[in-house]
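# Remarks on the overall topology
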Amino acid sequence: MKLLVTNIGRIVGIDSTDRLRVCGAEMNRLETFTDAWLLVDNGRFAAFGRMEELGEIAADRVVDAEGGMLFPSFCDSHTHLVYAGSREREFLDKINGLSYEEIARRGGGILNSADLLHETSEDNLYLQAMERVREITAMGTGCVEIKSGYGLSTEDELKMLRVIRRIRETSPLEVRATFLGAHAVARAYRGRQGEYVDLICREMLPAVAAEGLADFVDVFCDEGFFTVEETACILRAGRKLGLRGKIHANELAVSGGVQVGVEYDALSVDHLERMGAEEIEALHGAVTMPTLLPGAAFFLGMSYPPARAMIEAGLGVALASDYNPGSSPSGNMRMVVALASIRMKMTPAEAINAATLNGAYAMGLSHDYGSITLGKVANFFITNPMPSVEFFSYAYQTPLIRQVFLKGGLISRF
Ligand code: NIG
Ligand code: FE
């Protein structure tokens, strides 16, 4: 099956190297190619060239981009999009002055979502999550990581992970699953946090691994949640079962989560609203990708991660949505990319690299996804004609995405 796209105003996000991530000053380089055609063969990028040099190509299907731009799909490496119901009551609590931590301490927050999830059947949970999957697909996401963590019992964590597996089998997105039993201490274990951590290591993780339900293990390593020692314990248990770490770190306090993540070769450490020079230093030369979630900082009214200091120190950063009912009820990666520029002073080029190639890296997928590279899987979208690449971030609410293609096939047209 050969697909030919013609009359592309500009192909954005070309990478002719085989690098798996982009760091430091390189993040500001976004290779583009104007007045182009692009060929997809068997679901992968096969060739591109200048329109005026387009010869005879025997394609099964031809799509006219009508001068629009072609981007690699977003790679959203941090979401919790499998959840039951919604939490707008807490939204009101926050408007009335309660903080995220106060709501959690009163037994709301994550535990509230866990109660709702417990009452919801696996089929219903799947249907609710698929609405969100369709929503993010239309907004340009092509690869997504989804976490468990609203189960908090062996049975309900497995239920969530089975829903994620079903999404993986039935949606056109490339999906990776993360076990996040250590999202909060389950209600039944209140005051017995150590026993809950034991349950995670001795029962939940082996059960998850036995069914092959997760690619990664995550811990909410933060003030009021899990300690560095508990995080290390869970990372060691995960490692024995072949699961790499992806840590929630430094959202509420300088938690030590960055250092413990780096020590255990976590694939990413995420959030990072509270970062000091030591945390930046710890990430130097590490395999771990710092992942910033400006949608959560925006929704909770927190300070933003110091993206500029990190990039200027030579680090690569990824951007993700954190789509979840408590701190970021949106999976809109265009909004994330715009916030990165508006609030963290990342250039549009840096933000697009962070939301594509570096996001793919943070899911272990950048050998196959995250850039327009010959041989990679053809996940891309076509926009309306735009005056510049920067316009995509600048006109952040204008519906610019016109057609979405995943694995070389047309998914939706707008
Ligand atoms: O990444 N910080 C921890 N977990 C989520 C929020 C989960 C929730 O409030 O439901 C986050 O922000
Ligand atoms: Fe999160």
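Up top you'll find the structure we're talking about.
Treat the numbers as computed from the prediction; the structure is a model and nothing was measured. (Residues numbered from 1 in each chain as written. Chains lettered and ligands numbered in written order. Predicted model: local features only at pLDDT ≥ 70, side-chain atom pairs only at ≥ 80, totals over all residues. Heavy atoms only, no water.)

## Considerations on the coordination of the iron ion (ligand 2)
The iron ion (ligand 2) binds to the protein through His-78 (NE2), His-80 (NE2), His-248 (NE2) and Asp-322 (OD); the donor distances cover 2.1 to 2.3 Å. Sequence spacing of the donors to the iron ion (ligand 2): H-x1-H-x167-H-x73-D. Taken together, the positions of His-78 in the loop between β6 (74–76) and α1 (88–95) and His-248 in strand β10 (residues 244–249) put the pair 170 residues apart, joining distant regions of the chain. Residue His-78 shares its accessibility class with His-248, and that shared class is buried. (Donors = N, O, S within 2.8 Å, 3.2 Å for Na, K, Ca; no water. Helix = DSSP H or I, 4+ residues; strand = E, 2+ residues; numbered from the N terminus. Buried < 20%, exposed > 50% of the residue type's maximum accessible area, 1.4 Å probe, protein only.)

## Re the site of ligand 1
Near ligand 1 you find 15 residues, and of these Tyr-100, Tyr-150, His-183, Glu-251 and Ser-327 are the closest. Contact between ligand 1 and Arg-87: an oxygen atom at 2.9 Å from a side-chain N or O atom of the residue. The protein chains hide 100% of the 330 Å² of surface that ligand 1 would expose on its own. Under a 2 Å grid-point criterion requiring more than half of the atoms, the pocket assigned to ligand 1 is the largest cavity. Tallied by class, the residues present in the shell around ligand 1 amount to four nonpolar, eight polar and three charged. (Near = heavy atom within 4 Å. Polar contact = N/O pair within 3.5 Å; in protein donor to acceptor, adjacent residues only side chain to side chain. Areas by Shrake-Rupley, 256 points an atom, 1.4 Å probe, with all protein chains shown as cover. 1 Å grid on protein atoms, 1.4 Å probe; cavity = no way out; pocket = protein on both sides within 12 Å on 5 of 7 lines; lining within 4 Å. Sits in = over half its atoms within 2 Å of the grid points. Nonpolar A, V, L, I, M, F, W, Y, C, P; charged D, E, K, R; others polar.)

## Some points on the pairing of strand β2 (residues 31–41)
By the bridge criterion, nine bridges tie strand β1 (residues 2–14) to β2 in an arrangement that is antiparallel. In the strand pairing of β2, Ile-14 is matched with Glu-31. Here β2 pairs with strand β3 (residues 44–50) via six bridges, running antiparallel. Counterpart to Ala-36 in the pairing with β3 is Arg-50. A loop of two residues connects β2 with β3, the two strands running antiparallel in sequence, and Asn-42 in this loop sits at a positive phi of about 55 degrees. (Pairing = 2+ DSSP bridges.)

## Observations regarding empty space enclosed by the protein
Applying the stated criterion to the full structure yields three cavities of 30 Å³ or more. Estimated volume of the largest cavity: approximately 100 Å³. Lining the largest cavity are 14 residues, with His-80, Tyr-100, His-183, Asn-324 and Ser-327 sitting closest to its centre. For the lining of the largest cavity, a count of residues per class yields four nonpolar, seven polar and three charged. Of the voids in this model, the second largest cavity is the one considered here, and its volume is about 70 Å³. Along the walls of the second largest cavity sit 13 residues, with Gly-13, Ile-14, Leu-30, Asn-353 and Ser-371 positioned nearest its centre. Along the lines of polarity and charge, the residues of the lining of the second largest cavity split into four nonpolar, five polar and four charged. When residues are assigned to domains, the lining of the second largest cavity turns out to be shared by domain 1 (2–72 + 371–413) and domain 2 (74–361), each giving three or more. (Points joined across faces, edges and corners; volume = space filled by probe spheres on them. Domains from an automatic or database assignment.)

## Considering the side chain of Ser-393
When you line up the elements, Ser-393 lands in helix α15 (residues 391–394). By relative accessible area, Ser-393 is classed as buried at 6%.

## Concerning the layout of surface pockets
One way to see where empty space is left: roll a probe the size of a water molecule over the atoms. When its volume is computed, the largest pocket comes out at roughly 380 Å³. Along the wall of the largest pocket there are 18 residues; nearest its centre are Ala-104, Arg-105, Arg-190, Gly-224 and Phe-225. Contributions of two or more residues to the lining of the largest pocket are made by α2 (100–105) and α3 (110–119). Broken down by element, the residue count for the lining of the largest pocket peaks at three residues, all from α2. For the lining of the largest pocket, a count of residues per class yields eight nonpolar, four polar and six charged. Its volume calculated, the second largest pocket comes out at about 220 Å³.

## A look at the side chain of His-78
The class of His-78 is buried, set by a relative accessible area of 0%. In this structure the side chain of His-78 is engaged in a polar contact, spanning 3.2 Å, whose partner is the side chain of His-80. Other than its neighbours up to four places away in sequence, His-78 contacts Glu-145, Lys-147, His-248, Asp-270, Leu-293, Ala-320, Ser-321, Asp-322 and Tyr-323. (Contact = heavy atoms within 4.5 Å.)

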